[in-house]
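An overview of the molecular structure
The residues making up each chain are set out below.
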Amino acid sequence: DAKTTQPTSMDCAEGRAANLPCNHSTISGNEYVYWYRQIHSQGPQYIIHGLKNNETNEMASLIITEDRKSSTLILPHATLRDTAVYYCIVPYGSSNTGKLIFGQGTTLQVKP
Amino acid sequence: GAVVSQHPSWVICKSGTSVKIECRSLDFQATTMFWYRQFPKQSLMLMATSNEGSKATYEQGVEKDKFLINHASLTLSTLTVTSAHPEDSSFYICSADPGSASYEQYFGPGTRLTVT
């Protein structure tokens, strides 16, 4: 997998946008960026993924830089329920094994 | 959305006994499921890939004779921890691939195993 680097932890005020960065400078041209999150003592939850265009769904927006070496996950209006560990993952692009290798992620604490 | 369940949600067993954990995809079929283990304050570690109708593929360092995986149907994979020891105490999580050729997977809620 392309290695990803994320800050260990971040804080965000409730109601404000949470911007979670991820560095993936060794990403290949056909590799997607996936984001998952894990709320304490639960299984991970898929959030969003993208290749090179910005993506938006009901949960979040994903902004990928033009050189694709980094991306930012944006939770537009963070709530207390968004407190979780957020994982940025770049799986293998060509082998399509389905394997997800989780790094340490970013612990997001949303505060009232 | 797609739902994956795990049973039991938590289990306590004595050292030396075996424990079976079930992972079910409730509203879709999954030819491939994955098993992860997570220790406190650590990230998820992929243990194995479970393929319906064939042998599981284990990650390096995972003992296949200790962690038996069976994927007998398109909606059920089981993980059996054999001869459990206290160091096997962990949070076990499965995920299911709906076969959409992406890495958008659905995870179960996890099973907390405590070996005494």
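See the structure above.
No experiment lies behind these values; they were computed from the predicted model shown. (Residues numbered from 1 in each chain as written. Chains lettered and ligands numbered in written order. Predicted model: local features only at pLDDT ≥ 70, side-chain atom pairs only at ≥ 80, totals over all residues. Heavy atoms only, no water.)

**Comments concerning the pairing of strand β1 (residues 4-7) of chain B**
Residue and element names in this part refer to chain B. Of the two faces of β1, only one is covered, namely that formed by V4 and Q6; the face formed by S5 and H7 stays uncovered. Of the pairings in the sheet, the one linking β1 to strand β3 (residues 19-25) comprises four bridges and is antiparallel in character. Residue pairing in the sheet places V4 in a bridge with S25 of β3. (Buried < 20%, exposed > 50% of the residue type's maximum accessible area, 1.4 Å probe, protein only. Helix = DSSP H or I, 4+ residues; strand = E, 2+ residues; numbered from the N terminus. Pairing = 2+ DSSP bridges.)

**Side note on the layout of surface pockets**
In this structure, the largest pocket encloses a volume near 580 Å³. Surrounding the largest pocket, 22 residues form its lining, A:H40, A:V85, B:Q38, B:K41 and B:Q42 being those nearest its centre. When residues of the lining of the largest pocket are traced back to their parent elements, those giving at least two are β8 (84-89) and β9 (106-111) of chain A. (1 Å grid on protein atoms, 1.4 Å probe; cavity = no way out; pocket = protein on both sides within 12 Å on 5 of 7 lines; lining within 4 Å. Points joined across faces, edges and corners; volume = space filled by probe spheres on them.)

**Notes on the packing of aromatic side chains**
Tallied over the full model, the rule gives twelve aromatic pairs over all chains. When the ring of B:F67 is compared with that of B:Y92, the centres are 6.4 Å apart and the planes differ by 40°; the resulting orientation is tilted. Taken together, the positions of B:F67 in strand β7 (residues 67-73) and B:Y92 in strand β9 (residues 90-97) put the pair 25 residues apart, joining distant regions of the chain. For B:F67, a relative accessible area of 3% translates into the label buried. Clustering of aromatic rings is evident, with ring pairs tying together A:Y32, A:Y34, A:Y36, A:Y46, A:Y87, A:F102, B:Y36, B:Y103 and B:F107. (Phe/Tyr/Trp six-rings, centres within 6.5 Å; stacked < 30°, edge-to-face > 60°.)

**What to know about the pattern of salt bridges**
As enumerated under the stated definition, the model contains six salt bridges over all chains in all. Linking A:D82 and A:R37 is a salt bridge whose minimum nitrogen-to-oxygen distance equals 2.8 Å. Of this pair, A:D82 sits in the loop between β7 (70-75) and β8 while A:R37 sits in strand β3 (residues 33-38); the two residues are 45 residues apart in sequence, bridging distant segments of the chain. Look at A:D82 and you get buried, because its relative accessible area is 11%. A salt bridge links B:R24 to B:E22, with the nearest nitrogen and oxygen atoms 3.5 Å apart. Classification of B:R24 by relative accessible area gives partly exposed; the value is 33%. (Salt bridge = Lys/Arg side-chain N within 4 Å of Asp/Glu carboxyl O.)

Structural measurements only, silent on function.
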